[in-house]
Amino acid sequence: MQSIAQILVFVAFIGLVGWTIFDKYGRTQLKAKSLEDWLIDSVGLFVQGILIPLLQVTLIYQLYRHWLPIAHESLKLPLILTFMLSFVVVDYLYYWNHRLLHFARFWQIHQVHHTVTDLDVLGTSRNTLWASFLIVYLWVHALFMYLLADPTGYLLGVSLTSALDLWRHSRLTIPSHSWLYRCLSPWLILPQDHSWHHSSQSLTAIMVQI
């Protein structure tokens, strides 16, 4: 099931990259990327897309096996609850985790992510190498993978969260006057919302706040 979840995220990534290439502004943006940006983004995608999942299913999972030997697959929940646990509860934890990274003590670790000031799906995982170890997903996902008797719903939630994160870092926006926008905007952070978070105006506000 985990491999299927990873495939779903990969398909979303390839689809968004393909859309970026076919979009005129997207192509211009890719051509304007410096060699340094390409290197940082490539390393970030490798860390988040390959290294972190490997750490979760090997090292971190084994740590929980050592620390909580009798808790393995002890949590029996319906599929819908495991999905909501991942998609709502854990993602809400990440919201506060992200806000914490904007405080002065942690800002230097996170600020490289905000060098992306224009929507770019390739920059989704741009970050310092050690930032990944301060994000709750690394530890919490491995924990629930260890605890849940059936992690299927949880993994579906992880996949959807990851795909949405890729989307909100892209330029594939929904027109604000459309019915789809009216349906989704009260519940999800959309690309146009996240664009402001990465804008120079937002960065100035962040720096003033911290």
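Residues numbered from 1 in each chain as written. Predicted model: local features only at pLDDT ≥ 70, side-chain atom pairs only at ≥ 80, totals over all residues. Heavy atoms only, no water.

A.B. asks: When you look at the side chain of His98 in this model, what are you seeing that I'm missing?
C.D. replies: Tracing the sequence through the fold places His98 in helix α4 (residues 79-100). Judged by relative accessible area, which is 13%, His98 ranks as buried. Each residue touching His98, except ones within four places of it in the same chain, is listed here: His110, His114 and His197. (Helix = DSSP H or I, 4+ residues; strand = E, 2+ residues; numbered from the N terminus. Buried < 20%, exposed > 50% of the residue type's maximum accessible area, 1.4 Å probe, protein only. Contact = heavy atoms within 4.5 Å.)

A.B. asks: Even after reading the chapter, I still don't get the nonpolar core, so can you show me in this structure?
C.D. replies: Taken as a class, soluble globular proteins show a tendency for nonpolar side chains to be buried jointly. Counting 21 residues, the largest nonpolar core has Val90, Phe144, Tyr146 and Tyr154 as its most contacted members. Elements with a minimum of two residues in this core: α3 (35-67), α4, α6 (136-147) and α7 (152-168). At seven residues, the largest contribution of residues to this core is made by α6. For Tyr146, the residues in contact, after removing those within four places along its chain, are Tyr61, Tyr64, Arg65, Leu68, Pro69, Ala71, His72 and Glu73. (Core = buried A, V, L, I, M, F, W, Y, C linked by side-chain atoms within 4.5 Å.)

A.B. asks: Explanation requested: helix α2 (residues 24-32) in the structure shown.
C.D. replies: Helical periodicity: at 3.6 residues per turn, an α-helix aligns residues three or four positions apart in one direction. Inspection of α2 places Gly26, Gln29 and Leu30 among the buried residues, and these make up the whole buried set. Each buried residue of α2 lies within a common arc of 100 degrees when the element is viewed along its axis, so the set occupies one face. Summarising the geometry of α2, the exposed residues directed more than 90 degrees from the buried face are Lys24, Lys31 and Ala32. (Arc of directions from axis to C-beta.)

A.B. asks: Is there a simple way to think about the pattern of salt bridges in this case?
C.D. replies: Where charged atoms from two side chains of opposite charge come close, those side chains can pair. Going through the model one piece at a time under the given rule, you end up with six salt bridges. Here Asp23 and Arg171 are joined by a salt bridge, their closest N and O atoms 2.9 Å apart. In this pair, Asp23 sits in the loop between α1 (2-22) and α2 while Arg171 sits in the loop between α7 and α8 (179-184), placing the two residues 148 residues apart along the sequence. A salt bridge links Arg126 to Asp41; the nearest nitrogen and oxygen atoms lie 2.6 Å apart. Within this pair, whereas Arg126 is found in the loop between α5 (104-110) and α6, its partner Asp41 is found in helix α3, the two being separated by 85 residues in sequence. For Arg126, a relative accessible area of 4% corresponds to the buried category. Connected through shared salt-bridge partners, Lys33, Asp37, Asp41, Asp120 and Arg126 make up one network. (Salt bridge = Lys/Arg side-chain N within 4 Å of Asp/Glu carboxyl O.)

A.B. asks: Please explain empty space enclosed by the protein as it appears in this structure.
C.D. replies: Inspection of every chain in the model, using the stated rule, returns one cavity of 30 Å³ or more. Here the largest cavity is characterised by a volume of approximately 40 Å³. Around the largest cavity, the lining residues are Thr20, Gly26, Gln29, Leu30, Leu119, Asp120, Val121, Ser170 and Arg171. If one sorts the elements of the lining of the largest cavity by residue count, α2 sits on top with three residues. Across the lining of the largest cavity, the residue classes break down as three nonpolar, four polar and two charged. (1 Å grid on protein atoms, 1.4 Å probe; cavity = no way out; pocket = protein on both sides within 12 Å on 5 of 7 lines; lining within 4 Å. Points joined across faces, edges and corners; volume = space filled by probe spheres on them. Nonpolar A, V, L, I, M, F, W, Y, C, P; charged D, E, K, R; others polar.)

Geometric descriptors of this kind do not, in isolation, establish any biological role.
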